[in-house]
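This is what each chain is made of:
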Amino acid sequence: MQPFAPLGRDLAHRGQTCSYSPGDTDATDCPASATWHIMWTADGDVGLACDTHMAVARGRFVFVDSHHIGPDCAMPGVLWDFDHQRCVYPDEPAVETAAAVQEQA
């Protein structure tokens, strides 16, 4: 049995909807809202799952990490925050603040 999830087509156009799709076709896409964000591989391949399909993923596959969906999940350019179990958007003011704090140290 293959322990890794088969990565299907890019579903970025679906917003924060579950990306479960048996057969990887539009006709079989899960219509439920996503409640989980999953990092499938260390290369950063990610997906979204509803509660039902997250339970399936946990039972069948290995993956790097997961966390509950937040406002920044699935946005272009977000970073996975392993320590705080969420996604964060690297906005410019935060970067400037971090640089200023580092200069003071």
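Notes on the structure follow. (Residues numbered from 1 in each chain as written. Predicted model: local features only at pLDDT ≥ 70, side-chain atom pairs only at ≥ 80, totals over all residues. Heavy atoms only, no water.)

1. Considering the overall build of the protein chain
Thinking step 1. Scanning the protein chain for helices and strands turns up 2 helices and 5 strands.
Thinking step 2. Reading the secondary structure of the protein chain in the N-to-C direction produces β-β-α-β-β-β-α.
Thinking step 3. The buried share of the protein chain, reckoned over its 105 residues, is 29%.
Thinking step 4. Restricting to contacts in the protein chain with at least 6 residues of sequence separation, those with at least 24 account for 36%.
Thinking step 5. Total accessible area computed for the protein chain in this model is approximately 7,000 Å², and 56% of it derives from carbon and sulfur atoms. (Helix = DSSP H or I, 4+ residues; strand = E, 2+ residues; numbered from the N terminus. Buried < 20%, exposed > 50% of the residue type's maximum accessible area, 1.4 Å probe, protein only. Contact = heavy atoms within 4.5 Å. Areas by Shrake-Rupley, 256 points an atom, 1.4 Å probe, with all protein chains shown as cover.)

2. Digging into the nonpolar core
Thinking step 1. Ranked by size, the top nonpolar core spans 7 residues in total: Trp 36, Ile 38, Trp 40, Ala 49, Met 54, Ala 57 and Phe 61.
Thinking step 2. When contributions to this core are tallied by element, the ones reaching two or more residues are strand S1 (36–39) and helix H1 (51–60). (Core = buried A, V, L, I, M, F, W, Y, C linked by side-chain atoms within 4.5 Å.)

3. Some details on the pattern of salt bridges
Thinking step 1. Counting across every chain of the model gives 1 salt bridge.
Thinking step 2. Between Asp 81 and Arg 86 there is a salt bridge, with the nearest N and O atoms lying 3.7 Å from each other.
Thinking step 3. Under the relative-accessibility criterion, Arg 86 is labelled partly exposed at 42%. (Salt bridge = Lys/Arg side-chain N within 4 Å of Asp/Glu carboxyl O.)

Don't take any of this as a statement about function, it's just geometry.
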